[in-house]
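Structural features, examined
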Amino acid sequence: MSDLSTKGAAFAEFWRERRLCTLTTVRPDGTPHVVPVGVTLDLDAGIARVITDGSSAKARQLRAAGKLNAAACQVDGRRWSTVEGVATLHEDPQAIADAVRRYAERYRQPRVNPNRVLIEIAVTRVLGNVS
């Protein structure tokens, strides 16, 4: 796991700003699956979280694979950051509720979705330039 808590104040602020991100996973045929998402980054735990509908392609991919390599990226002009790691799917209501709370703090309260699931990426690598 990457120690995100040592990345500094600029990095932490960049991942708190309201920015659209992309999530990239790899399909079984080896092609990339890239979609726009909201991402929250837990610096202390080293986890990026994405909430999504349980029937989405990314959720179906993860459900079938069990875990996948994934990357979440955000860009603001010349500032950018990508976090990479292993993604897993979670359907635990408490974990989803915590992820929804985090999402609401960064973006806005999401619409009600009883089919919501959580994708967690255990971050192992960080790339970018946020200064």
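Shown above is the structure to which this text applies.
All figures in this text were calculated on a predicted structure; none of them were measured in a lab.

**Brief notes about the overall build of the protein**
Scanning the protein from N- to C-terminus turns up three helices and seven strands. Walking the protein from its N terminus toward its C terminus, one meets helices and strands in the order α-β-β-β-β-α-β-β-α-β. Dimensions along the principal axes, computed over C-alpha positions, put the protein at roughly 40 × 35 × 25 Å. Within the protein, buried positions represent 46% of all 131 residues. In the protein, the proportion of contacts linking residues at least 24 apart, taken out of those at least 6 apart, comes to 70%.

**Quick word on the sheet that holds strand β2 (residues 32-37)**
With antiparallel pairing, the seven strands of this open sheet are ordered in space as β2-β1-β5-β6-β7-β4-β3. Where the open sheet ends on each side, the last strands, each with one partner, are β2 and β3 (40-42). Shown here is a sheet whose adjacent strand axes are inclined to one another by a mean of 30°, direction ignored.

**Observations regarding the side chain of Glu17**
Relative to the assigned elements, Glu17 resides in the loop between α1 (9-14) and β1 (21-26). Within the structure, Glu17 has its side chain in polar contact with the side chain of Arg79 (distance 2.7 Å). Apart from the residues lying within four places of it in its own chain, the contact partners of Glu17 are Arg79 and Arg106.

**A short note on the pattern of salt bridges**
All told, the structure shown has 13 salt bridges when counted by the stated rule. Between Arg125 and Glu84 there is a salt bridge, and its shortest N-O distance comes to 3.1 Å. Here the residue Arg125 occupies a position in strand β7 (residues 116-129), and Glu84 occupies one in strand β6 (residues 79-90), the gap between them amounting to 41 residues. Residue Arg125 is classed as partly exposed on the basis of its relative accessible area, which comes to 48%. On the basis of relative accessibility, which here comes to 21%, the residue Glu84 falls in the partly exposed class. The salt bridge involving Asp98 is made with Arg102; its shortest N-O contact spans 2.8 Å. In this pair, Asp98 and Arg102 both sit in helix α3 (residues 93-106), four residues apart, roughly one turn of the helix. Given a relative accessible area of 23%, Asp98 falls into the partly exposed group. Taking relative accessible area as the criterion, Arg102 reaches 22% and is therefore assigned partly exposed. By sharing partners, the salt bridges in this structure join Asp42, Arg49, Asp98, Arg101, Arg102, Glu105 and Glu120 into a single network.

Reading guide: rules and limits
- Residues numbered from 1 in each chain as written.
- Predicted model: local features only at pLDDT ≥ 70, side-chain atom pairs only at ≥ 80, totals over all residues.
- Heavy atoms only, no water.
- Helix = DSSP H or I, 4+ residues; strand = E, 2+ residues; numbered from the N terminus.
- Buried < 20%, exposed > 50% of the residue type's maximum accessible area, 1.4 Å probe, protein only.
- Contact = heavy atoms within 4.5 Å.
- Pairing = 2+ DSSP bridges.
- Axes fitted to C-alpha atoms, helices over the stretch in contact; angles between N-to-C directions.
- Polar contact = N/O pair within 3.5 Å; in protein donor to acceptor, adjacent residues only side chain to side chain.
- Salt bridge = Lys/Arg side-chain N within 4 Å of Asp/Glu carboxyl O.

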